[in-house]
Amino acid sequence: MTERFRNFINGKWVESRTGRWFEDKNPANTGDVIGEFPKSDAADVDTAVQAAKAALPGWSRTPGPKRGELLFRLGRVMEERKEDLARTLTRENGKILDEGRGDVQEAIDTAYYAGGEGRRLFGITTPSELGDKWAMTVRQPVGVCGLISPWNFPIAIPTWKMFPALISGCTVILKPASDTPLCAVKLAQVCEAAGIPPGVVNVVHGGGAEAGTALARHKDVRLISFTGSSAVGRELASICGQDLKRCSLELGGKNAQIVMDDADMDLALKGALWGAFATAGQRCTATSRLILHRAIKGAFLERLVEAARKLKIGDGLKAGTEMGPLINEARRTEVASYVEIGKGEGARLVSGGAAHKAGECARGYFFEPTIFDGVTPAMRIFREEIFGPVLSVVTVGDLDEAIATMNDSSYGLSSSIYTKDVRAAFQAMERIECGIVYVNGPTIGAESHLPFGGMKDTGNGHREASHTVYDVYNEWKTIYVDYSGRLQRAQIDNQPA
Ligand code: NAD
């Protein structure tokens, strides 16, 4: 009998009122049914929002350092459960176990960073322009927050949102992706074990269109933090706009790696392989365009194709596997359709291009590492996010052309340049239109204490992680204290003679 899981609301595990369920399967082996999860609706979301609203006064008035102690405890519980969390993640998401462990470690790092912030939610004091007057700022929590997360980092991304929200004094409702609901259940169990008070963290499962939209539309939710596709991000931004709700969006990418003619070719090769095919290319920061200097292109591409063909595809839980499956059949169909689009546009398929169904892989959603050569900026495979193991190779003649090609994108998340020329590196750092630039490293590998996010259509200007995320979950309050005993009128009393 398939195990059934529930929503986590007000510290209790509760069934959805709808009585409807959805199935969650292992993408590496669809015969392995992980469980059934509630298909929640607006009424379930409302119950969770009311719980979060009721918990808000107590939590927001808990001193920051005390909230910090609970965040440290969250980190410790996750450390104790790291292996179980990582294995669950790999079984549910498909990424290889090493990457699963990395995903969980990112959450642990985020917990400790946020815990420390409990003693560092700094405001400023500054001189007033008037005498006998004090001026300062303090932070206050935004309120009840709705967190909507994708399946590709099913532990890290929810915690990137949840932990900064919690330390800021907000209460939250998480609506996880329906491809990875068990990771969210495990995260709620971690919160329970760490002693997070009832109602402070709530998890409501269900489809995006039903539960996700209901969360965004709810009048008592003051903020939506969303990571996912640009199409859904636009929709949520317009819903939030109606109610002047705060909305933080982390969306898609079409990230590129440049390899200049003076680069360390072995290093650049490892970077391209890892950047393009880790997580089977299903990272928002995945390398999906490779911009090669003409002088090295032939030899570099030959070696890359050879290495891609050797990648060991399979179940991420098995030792030695280098690339897991895609998340579901819909994603595989879409990736396959982009291969046809690329061929139709005249790009040259030099590796992969088809579903991988050898042996045990027939049971999952595997796809071959795929490389197209002869790609031009006009092609859809150059412009559109594919979110799979498909790499588009473009050839350029110099640094200016490389940077212009990199910037010829509606997205601006991550980027990379391999060069030994310090001048070229600094030119690239200055001129690349992306939120993240790696020099001599691949486009993937964000650290939790540095700002994460992108320019252009990748988001709406916010950054997750690091100190910058705290501006998402806090309101600034400016306080003036006049101890002059008389009416002082700022600029009116303060004009040059
Ligand atoms: P998605 O937009 O389909 O879903 C993301 C989340 O939104 C899920 O929880 C889903 O249930 C929910 N959702 C879907 N439709 C909704 C709606 N109408 N209203 C409210 N919620 C809705 O994206 P996905 O397929 O889960 O993830 C892949 C996308 O996410 C890619 O475009 C990728 O680039 C992006 N992504 C971005 C980042 C980043 O930080 N920039 C990180 C990871 C993934």
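It should be emphasised that the depicted structure is a prediction, and the values quoted were computed from it without experimental measurement.

Bringing the domain arrangement of the chain into the picture now. The domains assigned to the chain are domain 1 (7–251 + 459–478) and domain 2 (255–439). Centre-to-centre separation of domain 1 and domain 2, based on C-alpha positions: 31 Å. Across the boundary between the two partners, domain 1 contributes 21 residues, which contact 26 residues of domain 2. The tally of links from domain 1 across to domain 2 stands at one salt bridge. Joining domain 1 to domain 2, the criterion identifies seven residue pairs in polar contact (both at pLDDT 80 or more). Broken down by secondary-structure element, the contributors of at least two residues to the side of domain 1 that touches domain 2 are β4 (29–38), α3 (82–93) and α4 (97–117). Per-element accounting of the side of domain 1 that touches domain 2 gives the leading share, five residues, to α3. In terms of residue class, the side of domain 1 that touches domain 2 is made up of seven nonpolar, seven polar and seven charged.

Each pair of packed helices gets described by two things: the angle between the helix axes and the distance between those axes. Packing of helix α9 (residues 265–277) against helix α10 (residues 294–310) brings their axes to within 10 Å, and their N-to-C directions diverge by 50°. Taken together, the axes of α9 and α10 are oblique relative to one another. The way α9 lies across α10 gives a crossing that is right-handed. Of α10, the residues touching α9 (which contributes Met265, Asp266, Ala268, Leu269, Ala272, Leu273 and Phe277) are Ile296, Phe300, Arg303, Leu304, Ala307 and Ala308. For the contact of α9 with α10, a count of residues per class yields eleven nonpolar, no polar and two charged.

A contiguous nonpolar surface patch, about 370 Å² in accessible area, is contributed by Val422, Phe426, Met429 and Val439. Looking at the nonpolar patch, the element that brings in the most residues is helix α14 (residues 422–431), giving three residues. Position of phenylalanine 426 among the secondary structure elements: in helix α14. A residue is classified by how much of its surface remains accessible, and phenylalanine 426, at 53% relative accessible area, is exposed.

To continue, consider the site of the ligand. By nearness alone, 28 residues border the ligand, and Ser149, Lys175, Ser229, Leu251 and Glu385 come closest of all. Tryptophan 151 has a polar side-chain atom sitting 3.0 Å from an oxygen atom of the ligand. Glutamate 235 places a side-chain nitrogen or oxygen 3.3 Å from a nitrogen atom of the ligand. Relative to its free-state accessible area of 840 Å², the ligand is covered by the protein chains to the extent of 88%. Elements with a minimum of two residues in the shell around the ligand: α7 (208–217), β10 (223–227) and α8 (230–242). Looking at which element gives the most residues to the shell around the ligand, the answer is α7, with four residues. Split by domain, the residues of the shell around the ligand number at least three in each of domain 1 (7–251 + 459–478) and domain 2 (255–439).

The next subject is the sheet that holds strand β6 (residues 133–141). A sheet is described by the order of its strands in space; here three strands give the open sequence β5-β6-β21, paired in antiparallel fashion. Where the open sheet ends on each side, the last strands, each with one partner, are β5 (125–127) and β21 (474–482). Neighbouring strand axes in the sheet, compared pairwise and without regard to direction, differ in orientation by 25° on average.

In total, this model carries seven aromatic pairs according to the counting rule given. Seen from their ring centres, tyrosine 113 and tyrosine 470 are 6.4 Å apart, and the 20° between their planes marks the pair as stacked. Taken as a pair, tyrosine 113 in helix α4 and tyrosine 470 in helix α15 (residues 470–473) lie far apart in primary sequence, 357 residues in all. Taking the relative accessible area as the measure of exposure, tyrosine 470 reaches 3% and is therefore buried. With centroids separated by 5.6 Å and ring planes inclined at 75°, the aromatic side chains of tryptophan 151 and phenylalanine 387 adopt a geometry described as edge-to-face. Of this pair, tryptophan 151 sits in the loop between β7 (144–148) and α5 (156–167) while phenylalanine 387 sits in the loop between α12 (380–383) and β16 (390–396), and the two are 236 residues apart along the sequence.

Cut-offs applied
- All chains use their own residue numbering, which begins from 1 and follows the written sequence.
- Only residues with pLDDT of at least 70 get local features here, since the model is predicted, and only at 80 or more are side-chain atom pairs given and counted; chain-wide, interface and lining totals rely on the full set of residues.
- Values reported for side chains reflect all heavy atoms of the structure, with hydrogen atoms and water molecules removed beforehand.
- Domain segmentation is taken from an automatic or database assignment of domains.
- Contact definition: two residues touch when any of their heavy atoms are within 4.5 Å.
- Any Lys or Arg side-chain nitrogen found within 4 Å of a carboxyl oxygen on Asp or Glu counts as a salt bridge.
- Distance and chemistry together define a polar contact, namely a pair of N or O atoms within 3.5 Å, with one atom able to donate a hydrogen and the other to accept it when in protein, and with adjacent residues in sequence counting only for side-chain atoms on both sides.
- Per the convention used, a helix needs a DSSP run of H or I reaching at least four residues, while a strand needs a run of E reaching at least two, with both numbered from the N terminus.
- Charged means Asp, Glu, Lys or Arg here, nonpolar means Ala, Val, Leu, Ile, Met, Phe, Trp, Tyr, Cys or Pro, and polar covers whatever is left, Gly included.
- Every angle, taken between N-to-C directions, lies between 0 and 180 degrees, and every axis is a line fitted to C-alpha atoms, over only the stretch in contact when it is a helix.
- Here the word oblique covers every angle except those under 35 degrees (roughly parallel), over 145 (roughly antiparallel) and from 65 to 115 (roughly perpendicular).
- In this scheme, a crossing is called left-handed if the near helix is turned counterclockwise away from the far one by less than a right angle; it is called right-handed if the turn is clockwise.
- Each patch is assembled from residues with relative accessible area greater than 30% and no salt bridge, linking like charges that lie within 9 Å and nonpolar side chains (Val, Leu, Ile, Met, Phe, Trp, Tyr) that lie within 5 Å.
- In this description, accessible areas are obtained by the Shrake-Rupley approach with a 1.4 Å probe, and a residue is regarded as covered only by the protein chains that are shown.
- Relative accessibility decides the category of a residue: with a 1.4 Å probe and only protein chains considered, values under 20% of the type maximum give buried, values over 50% give exposed, and everything between is partly exposed.
- If a single non-hydrogen atom of a residue is within 4 Å of a molecule or strand, that residue counts as near it.
- When DSSP finds at least two bridges between two strands, those strands are taken to pair.
- Centres within 6.5 Å are what make two rings of Phe, Tyr or Trp a pair, Trp counting through its six-membered ring; a difference in plane orientation under 30 degrees is then read as stacked, over 60 as edge-to-face, and the rest as tilted.

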